[in-house]
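One letter stands for each residue in the lines below.
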Amino acid sequence: MCGRQSLPMIGQPPPERADAARNRQKIIEVASRMIAEHGADQLSLDEVAKEAGVGVGTVYRRFGDRAGLVWALIDERERRFQQAFLSGPPPIGPGAPPAERIRAFLSAVVNRVMDQEDLFLLVELGSPKARFGGPYKVHHTHLATLLAQARPGADARFLADALLASVNAHLIRYQRDERGMSVEAIKSALDDLALSVTGGPPT
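Calculation notes
- Residues numbered from 1 in each chain as written.
- Predicted model: local features only at pLDDT ≥ 70, side-chain atom pairs only at ≥ 80, totals over all residues.
- Heavy atoms only, no water.
- Helix = DSSP H or I, 4+ residues; strand = E, 2+ residues; numbered from the N terminus.
- Rg over C-alpha atoms; globule rule 2.2 N^0.38 Å.
- Buried < 20%, exposed > 50% of the residue type's maximum accessible area, 1.4 Å probe, protein only.
- Contact = heavy atoms within 4.5 Å.
- Areas by Shrake-Rupley, 256 points an atom, 1.4 Å probe, with all protein chains shown as cover.
- Lys, Arg positive; Asp, Glu negative; His and termini not counted.
- Charge placed at Lys NZ, Arg CZ, Asp CG, Glu CD.
- Salt bridge = Lys/Arg side-chain N within 4 Å of Asp/Glu carboxyl O.
- Phe/Tyr/Trp six-rings, centres within 6.5 Å; stacked < 30°, edge-to-face > 60°.
- Lys NZ or Arg CZ within 6 Å of the ring centre and 35° of its normal.
- 1 Å grid on protein atoms, 1.4 Å probe; cavity = no way out; pocket = protein on both sides within 12 Å on 5 of 7 lines; lining within 4 Å.
- Points joined across faces, edges and corners; volume = space filled by probe spheres on them.
- Nonpolar A, V, L, I, M, F, W, Y, C, P; charged D, E, K, R; others polar.

**Student:** Even after reading the chapter, I still don't get the overall build of the protein chain, so can you show me in this structure?
**Tutor:** A count of helical and extended segments in the protein chain gives 11 helices and zero strands. Order of helices (α) and strands (β) in the protein chain, N terminus to C terminus: α-α-α-α-α-α-α-α-α-α-α. Radius of gyration (C-alpha) of the protein chain: 18 Å, near the 17 Å computed for a compact globule of 203 residues. Of all 203 residues assigned to the protein chain, the portion counted as buried reaches 43%. Once local pairs closer than 6 in sequence are excluded, the contacts in the protein chain between residues at least 24 apart make up 67%. As displayed, the protein chain offers around 10,600 Å² of accessible surface, 52% of which is attributable to carbon and sulfur atoms. Taking the average place of the 25 positive charges on the side chains of the protein chain and the average place of its 24 negative ones, the gap between the two points comes to 6 Å.

**Student:** I would appreciate a short explanation of the pattern of salt bridges in the present structure.
**Tutor:** It is possible for side chains bearing opposite charge to pair when their charged atoms get close. Inspection of every chain in the model, using the stated rule, returns 11 salt bridges. The residue Asp 75 makes a salt bridge to Arg 79 at a minimum N-O spacing of 2.8 Å. A residue pair is termed a helical-turn pair when its members lie 3 or 4 positions apart in one helix, as Asp 75 and Arg 79 do in helix H4 (residues 66-87) at four residues. Given a relative accessible area of 11%, Asp 75 falls into the buried group. Notably, a salt bridge pairs Arg 103 with Asp 191, separated by 2.7 Å at the nearest N-O pair. Of this pair, Arg 103 sits in helix H5 (residues 98-115) while Asp 191 sits in helix H11 (residues 183-198), and the two are 88 residues apart along the sequence. Judged by its relative accessible area of 21%, Asp 191 falls in the partly exposed class.

**Student:** Where do I start with the packing of aromatic side chains in this structure?
**Tutor:** With the rule as written, the count across this model stands at four aromatic pairs. Each ring, one from Phe 81 and one from Phe 85, has its centre 5.1 Å from the other, and the planes form 75°; the classification is edge-to-face. Separated by four residues within a single helix, Phe 81 and Phe 85 lie in helix H4, roughly one turn from each other. Comparing Phe 81 with Phe 85, the two get one shared label, buried. When the ring of Phe 85 is compared with that of Phe 105, the centres are 5.1 Å apart and the planes differ by 85°; the resulting orientation is edge-to-face. Here the residue Phe 85 occupies a position in helix H4, and Phe 105 occupies one in helix H5, the gap between them amounting to 20 residues. Judged by its relative accessible area of 0%, Phe 105 is buried. Through pairs of rings, three or more aromatic residues link up here, namely Phe 81, Phe 85 and Phe 105. Its end group placed over the ring of Phe 63, Arg 62 keeps NZ or CZ at 5.6 Å from the ring centre.

**Student:** For this particular structure, what's the right way to read unusual backbone geometry?
**Tutor:** Glycine aside, negative phi is the norm for most residues, and most peptide bonds take the trans geometry. Cis rather than trans, the peptide bond between Pro 90 and Pro 91 has omega equal to 15°. You can see Pro 91 is positioned in the loop between H4 and H5.

**Student:** How should I be thinking about the layout of surface pockets in this particular structure?
**Tutor:** To find leftover empty space, a probe the size of one water molecule is rolled over the atoms. Volume-wise, the second largest pocket comes out at about 310 Å³. Forming the boundary of the second largest pocket are 18 residues, of which Glu 124, Tyr 136, Leu 164, Val 167 and Asn 168 lie nearest the centre. Residue composition of the lining of the second largest pocket, by class: 12 nonpolar, two polar and four charged.

So this is what it looks like as structure tokens:
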């Protein structure tokens, strides 16, 4: 990731031995294939280890739990997303007013979740440490920074949590499938919420 930033980034494993790197890649490839064939909710670390021809302890040591393996699977797209909001063009990147960047960021998070919906659904079933670490921590830090600029004196960290709670994969799926909301309708309502939080006028 962008080394000049102070935000925590995912996907930065320590240097590995050649055999460890091969095993890691093999595990990721097997897990990706199993998800494509059977769906993310059927992903089993024991089965991944068996198909990859490695010990199940190797999988657990390398990825921690199922959520850790899922984050490894979504890492490359997450890298590109983080680069966009950290150093990309406005309005999501630097150069636009904080309130405008917040709105652009939240809309982009919806797109990000929809892009790999099944994997985000799976991560949200993991432990709080897994769910609220990794990308969530990066997104929260970024959003809280913008909120502190847009709403000086407000509890920016709480507001960041509140806004991110509105873009979790399970809620988006429920709104879409059970309430019949389109993705654009969800993003429009989220935009209204962001405006109310930042106190900015509609455009």
